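Reading the structure
Below, each chain spelled out in residue letters.
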Amino acid sequence: CHQPRAFEEEAGQADVNIFLDANVIFTAAHNPKGKACFLIGTARSQKWTVVTCTLAIEETERNLNEKFPNCVSDLKQLLKHVRVTPTIVVGKCPIILPDKDRPIFLSAMHAKCSHLLTGDLKDFGRHMNKPNKSDGVLIQTVAEFLENL
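Described below are features of the structure shown in this document. (Residues numbered from 1 in each chain as written. Predicted model: local features only at pLDDT ≥ 70, side-chain atom pairs only at ≥ 80, totals over all residues. Heavy atoms only, no water.)

1. Here's the deal with the overall build of the protein chain
Scanning the protein chain for helices and strands turns up seven helices and five strands. When the helices and strands of the protein chain are listed from N to C terminus, the series reads β-α-α-β-α-α-β-α-β-α-β-α. Over its C-alpha atoms the protein chain spans a radius of gyration of 14 Å, differing by no more than 12% from the 15 Å that the globule rule assigns to 149 residues. In terms of its C-alpha atoms, the protein chain occupies a principal-axis envelope of roughly 35 × 35 × 30 Å. Among the 149 residues that make up the protein chain, the fraction classed as buried is 47%. Sequence separation of at least 24 residues holds for 68% of the intrachain contacts in the protein chain that already meet a minimum separation of 6. Summing over all exposed atoms, the protein chain offers an accessible surface of approximately 7800 Å²; the carbon and sulfur share of this is 52%. Treating the 18 positive side-chain charges of the protein chain as one cloud and the 17 negative ones as another, the clouds have centres 2 Å apart. (Helix = DSSP H or I, 4+ residues; strand = E, 2+ residues; numbered from the N terminus. Rg over C-alpha atoms; globule rule 2.2 N^0.38 Å. Buried < 20%, exposed > 50% of the residue type's maximum accessible area, 1.4 Å probe, protein only. Contact = heavy atoms within 4.5 Å. Areas by Shrake-Rupley, 256 points an atom, 1.4 Å probe, with all protein chains shown as cover. Lys, Arg positive; Asp, Glu negative; His and termini not counted. Charge placed at Lys NZ, Arg CZ, Asp CG, Glu CD.)

2. Here's the deal with the pattern of salt bridges
When charged atoms on two side chains of opposite charge get close, those side chains can pair. Scanning the model with the defined rule gives four salt bridges in all. With a closest N to O distance of 3.1 Å, aspartate 101 and lysine 100 form a salt bridge. Lysine 100 gets classed as exposed once you look at its relative accessible area, which sits at 53%. Residue aspartate 120 pairs with lysine 100 through a salt bridge whose shortest N-O separation is 3.6 Å. Note that aspartate 120 is positioned in the loop between β4 (115-117) and α6 (121-124) and lysine 100 in the loop between β3 (83-85) and α5 (102-110), a separation of 20 residues in sequence. A single salt-bridge network, built from bridges that share partners, covers Lys100, Asp101, Asp120 and Asp123. (Salt bridge = Lys/Arg side-chain N within 4 Å of Asp/Glu carboxyl O.)

Pasting the structure below:
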């Protein structure tokens, strides 16, 4: 992935807080010309804060090591531009999700993210573009997010 400037948290800087699911980070790490990598690289200039949780990073590392081990160093570079939050595993979840996905959504809520970007249409698909039903978090694919700018 191209090398965006490192993440520097500035109070009040971000207008949009975007939480990335593991599959989005995985795609960004192994596809430097893709939309996910573009989003991370563009975030600061757009006043977006990119956020993920430790669980998503662990899943991404595991999948990269298995499928694209040469891209692990790209992941480490990407994560310099992402605010990493603790994984939230307990809490009221306003949408029905499998147990494996609840911590992702709860972590996005806890981090006060306006968006959760995922490629997991199987589990998140029915909740996409319905922030009124997902406690104000707009769940979208990266493509949908970029198309709606």
